[in-house]
Amino acid sequence: MIQIKEIVAYSHHGETRSLPLKLGAVNIISGESKAGKSAVLKIIDYCFGASLCDVPEGKVRRNVAWFGLLLQTSSGQAFIARQVPLGEAKSSEAVYTLVGADITIPNGDMLRQTTNVEGLRSQLASWTGISSYRHTPPDGQTRDHLVASIRHAVALCLQSQNEIAQQKWLFHGANDRDKAQSIKDTLPYFLGAVSDEYLSQQSELKAVKAEIRQIERRNKEAANIRGEGTTRADTLLSEAKAVGLSSVSDLISWAEKVAALTAIQSTPLSLSLAEGNDATEFNRLTGIRNQLLKQQSNLLGTLERARAFEGTTKSYAIEADEHIARLNAVSVFDPNCSDHSCPLCLQELPSESVAPSIAQIKQSAAHLGQGRGAVDATTPKIDFAIAEVETELASIRQQLGHNRELLSAVKKSNERLQLASDADTRRALILGRISLYLENIPAAINVSVQDERLQALKIRETDLEMLLSNEAMQERLESCLSNVNRNVSAFAGKVKLEYSDSPLRLDTKNLTIVADTLERPVPMSQMGSGENHVGYHIVAHLALHDWFARRKRPVPSFLIFDQLSQAHFSPDSDAKAPKEKVDADRLAVKGLYGLIFDVTNALNGGLQVLITDHPYFDDDQRFKDAVVERWIDGKKLVPDAWATATK
């Protein structure tokens, strides 16, 4: 929680202007124009880390050296002050902060730079409870990653004079496209659709992916030792079989191949072994290759015929669609006409006429439609058959590649050994190469444990990706919004806004309110009337902050409305008509104030509202009790006396 206990302005000569506020309650500053009411929101925005000082040029800006805020946080108090830009500058990096349990407002001569704007934002985010949520744009978008900050949270708390009556969007700063996008990206986090558990799961997923990559890298290194495709073990076994040292199958696992090579290595070399079986192994592999080539040829023929048939059916479908479209012109004929009428003049045709009748055209269209339906039914089967043939063809090609590598290995073995005429010498050479291979395999290489860990990690990765998927987050967001929307509808009904009898919802994609009428969805921009626009801005922000407060979300626990009554009427005057004379505008504005009071009181200190406005309702005790200052008869935010003091 973070609320504003006091607003402070410091002159260039040490004077201080303090504006105390009530925590967890409605605070109203009522007064005349040009007293500085609208500057209050801009001062708070500037002290909350705005990039630019938006305080209007004039006495408030020229005659003030520092703006300060005394904040109430969950753990105590914090005082922040930011220097007003000097000269033509639009911003200042000079920021002073002080943290304590119970802070006394410092004098102006104590203010100095203790941090910069980025440091201020970090501290404010920490006091508010904003965690390191990182929004990742969807695949295919070039936007950078976005980390939630206090600036994104404050956008949900401020409604300036120009924004509160805006008909197209709801939030502070949303007229800027980049700021609007950042609100859309971070709103799910502030609503609670993205929880702290989500953030920890994000970290866990990152760690899981890193470990998966590490294990896969180690397994790849082990695979490089074993070899891939036709492995080094395959090559050695083929050479061993070529000289009669082995007869194991090609289809055994790598571990079994290593065991076979180990057995060959440990078998004493017999001088009586028969001369090598080079030709036998080569012939066997050649026979397998011939069979594979024949299968490949058959599959290619089948694939060619299937694709030709597919092309024919598609051509027929196109032609049939064109004919059906032409024949369907019969649908424009008068349904009361006889089927034996002429299609052109609708006159009854003689029985012996050779011109086609409407009935014959309908019959032809129906016949073509039946043929077209048969084509539609056949097409998926053709596609499936082609896919099966292509899959089988890919498998044959893979087997041919493996066979080719084995043949090459035997051929190379023969070339290397052709100078070794003695069979025992050839066997000894192969045995030496087998020994060298086995010696280079790490003694502890056993990837079974790593494979089990890898499988478990991939299962966890899948689970986390499902939990963190856009679909899962969208489901949680819709759950949050359904609760917010319920209050939007309830609050709008209390103040009798137009379209409040229809279901209302917050449109997070367009940052507006939409009424789902029986005819069509009606966005706020089409609701008409400035009263509706102001009303829906207030209703939407109250509903959101009711949700933020009850769910203890990391959003500053205050709302600031500037010129709430601007769409209704000018300020009251004490000398005006009797109190009994209450017009519709007065009732509407009092209704908005009443709603703000009711929502704020129901949250038991969880929300602070600050309103700067013209009217003063002296017949409403709640309103009068909430007024913290009236800026009339020369009383202003910045005293006039400061003008000469700063010259």
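If you're wondering where the values come from, they're calculated on a predicted model, not measured in any experiment.

Caption draft 1: Highlighting the overall build of the protein. Helices and strands together make up the secondary structure of the protein, namely 17 helices and 15 strands. Relative to its full complement of 647 residues, the protein shows a buried share of 46%. Contacts in the protein between residues far apart in sequence, at least 24 positions, make up 71% of those at least 6 positions apart. Looking at the protein as shown, the accessible area adds up to about 33,300 Å², and 51% of this sits on carbon and sulfur atoms.

Caption draft 2: Representation of the sheet that holds strand E1 (residues 2–10) within the structure. Pairing within the open sheet is antiparallel, and its 5 strands lie in the order E2-E1-E4-E5-E6. The strands lining the two open edges of the sheet, one partner per strand, are strand E2 (16–20) and strand E6 (95–100). For this sheet, the mean angle separating the axes of adjacent strands, direction not counted, is 20 degrees. In the packing of helix H1 (residues 37–47) onto the sheet, the strands contacted are E1, strand E4 (66–73) and strand E5 (76–83), and the crossing angle to E4 comes to about 75 degrees.

Caption draft 3: Region of interest: the state of the cysteines. A full pass over the atoms with the stated rule returns 0 disulfides. No disulfide involves Cys53; its sulfur sits 8.8 Å from the nearest other cysteine sulfur, which is in Cys47.

Caption draft 4: View of the nonpolar core. With 112 residues, the main nonpolar core has Ile7, Ile44, Phe48, Phe67, Leu191 and Ile513 as its most contacted residues. The element best represented in this core is helix H14 (residues 530–551), accounting for 10 residues. Filtering out sequence-adjacent residues up to four positions away, Ile513 remains in contact with Leu170, Val488, Leu504, Arg505, Leu506, Val522, Pro523, Met524, Met527, Tyr536 and Ala540. Ranked by size, the runner-up nonpolar core spans 15 residues in total, among them Ala233, Ala240, Val258 and Tyr437.

Caption draft 5: Looking closely at the pairing of strand E13 (residues 558–562). With 5 of its 5 residues buried, E13 lies for the most part within the structure. Taken together, the 5 bridges between E13 and strand E14 (residues 608–613) define a ladder with parallel strand orientation. The residue of E14 that forms the bridge with Leu559 is Val609.

Caption draft 6: Highlighting the pattern of salt bridges. Applying the stated criterion to the full structure yields 18 salt bridges. Across the pair Glu216 and Lys458 runs a salt bridge, and its minimum N-O distance is 3.2 Å. With Glu216 in helix H6 (residues 196–226) and Lys458 in helix H12 (residues 448–467), this residue pair connects regions lying 242 residues apart in the sequence. The exposure class of Glu216 is partly exposed, given its relative accessible area of 34%. Residue Lys458 is classed as partly exposed on the basis of its relative accessible area of 36%. Ionic pairing is found between Arg622 and Asp598, a salt bridge with its closest N-O pair at 3.0 Å. Pair noted here: Arg622 is in helix H16 (residues 621–626) and Asp598 is in helix H15 (residues 584–602), with a separation of 24 residues, a long-range link.

Caption draft 7: Structural context of the packing of H14 against H15. The interhelical angle for the contact between H14 and H15, taken along N-to-C directions, is 5 degrees, at an axis separation of 10 Å. Comparing the axis directions of H14 and H15 gives the class roughly parallel. Residues Glu531, Val534, Gly535, Ile538, Val539, Leu542, Asp546 and Arg550 of H14 form the contact with H15, whose own contacting residues are Asp585, Leu592, Leu595, Ile596, Val599 and Ala602. Counted by class, the contact of H14 with H15 contains 9 nonpolar, 1 polar and 4 charged residues.

Caption draft 8: The arrangement of the sheet that holds E13 in detail. Read across the sheet, 5 strands follow the order E9-E13-E14-E3-E15 without closing on themselves; strand pairing throughout is parallel. With partners counted over all chains shown, the strands left at the sheet margins are strand E9 (158–159) and strand E15 (627–631), one partner each. Pairing of E9 with E13, which is carried by 2 bridges, proceeds in the parallel orientation. Within the sheet, the bridge partner assigned to Leu158 lies in E13 and is Ile560. Sheet contacts for H14: E9 and E13; angle to E13, the most-contacted strand, approximately 170 degrees.

Caption draft 9: Here's a closer look at the confidence of the model for the protein. Per-residue confidence for the protein gives a mean pLDDT of 82; residues scoring 70 or more make up 81%. Contacts from residues 271–276, a stretch scored under 50 in pLDDT, to residues over four places away or in other chains number 12 contacts. Below a pLDDT of 50 lies the segment residues 577–582, which in the model reaches 3 contacts outside its immediate sequence neighbourhood of four places, other chains included.

Caption draft 10: Summary view of the packing of aromatic side chains. Enumeration over the complete set of coordinates arrives at 8 aromatic pairs. A centroid spacing of 5.1 Å and a plane angle of 5 degrees characterise the contact between Tyr133 and Tyr189, whose relative ring orientation is stacked. With a gap of 56 residues between them, Tyr133 in the loop between helix H3 (117–128) and strand E7 (134–135) and Tyr189 in helix H5 (residues 177–191) connect regions that are remote in the sequence. Look at Tyr593 and Phe617: their rings are 5.9 Å apart centre to centre, the planes differ by 75 degrees, and that puts the pair in the edge-to-face class. Of this pair, Tyr593 sits in helix H15 while Phe617 sits in the loop between E14 and H16, placing them 24 residues apart in sequence. For Tyr593, a relative accessible area of 1% gives the class buried. For Phe617, a relative accessible area of 0% puts it in the buried group. A cation sits over an aromatic face here: Arg553 above Tyr189, 5.5 Å from the ring centre.

Definitions and limits used
Once a new chain begins, its residue numbering starts again from 1 and follows that chain's sequence as written. Given that the model is predicted, a residue must reach a pLDDT of at least 70 before its local features are reported, and side-chain atom pairs must reach 80 or more before they are shown or counted; all residues, however, enter totals for whole chains, interfaces and linings. To get the side-chain values, all heavy atoms of the structure are used, and hydrogens and water are removed first. The numbering of helices and of strands both runs from the N terminus, where a helix is a DSSP run of H or I of at least 4 residues and a strand a run of E of at least 2. Accessibility here uses a 1.4 Å probe with only protein chains present; expressed as a share of the type maximum, an area under 20% marks a residue as buried, one over 50% as exposed, and anything in between as partly exposed. Throughout, a residue-residue contact means that at least one pair of heavy atoms, one from each residue, lies within 4.5 Å. In short, Shrake-Rupley with a 1.4 Å probe defines the accessible areas, and a residue's cover is counted only from the protein chains shown. Between any two strands, at least two bridges found by DSSP are needed for them to pair. Every axis corresponds to a line fitted to the C-alpha atoms, with the helix fit spanning only the stretch in contact, and the corresponding angles, defined between N-to-C directions, vary from 0 to 180 degrees. Disulfides are defined as pairs of cysteine sulfur atoms found within 2.5 Å of each other. Here, nonpolar core means buried Ala, Val, Leu, Ile, Met, Phe, Trp, Tyr and Cys residues that are tied together by side-chain atoms lying within 4.5 Å of each other. Here, a salt bridge means any side-chain nitrogen of Lys or Arg that lies within 4 Å of a carboxyl oxygen of Asp or Glu. Relative orientations are named as follows: roughly parallel for angles under 35 degrees, roughly antiparallel for angles over 145 degrees, roughly perpendicular for angles from 65 to 115 degrees, and oblique for any other angle. All residues other than Ala, Val, Leu, Ile, Met, Phe, Trp, Tyr, Cys, Pro, Asp, Glu, Lys and Arg, Gly among them, are scored as polar; the first ten of these are nonpolar and the last four charged. A score from 0 to 100, pLDDT tells how confident the predictor is in each residue. Between 30 and 60 degrees the pair is tilted, below 30 it is stacked and above 60 it is edge-to-face, where a pair is any two Phe, Tyr or Trp rings, Trp via its six-membered ring, whose centres lie within 6.5 Å. Should the NZ of a Lys or the CZ of an Arg lie within 6 Å of a ring centre and within 35 degrees of the ring normal, that charge is described as sitting over the ring.

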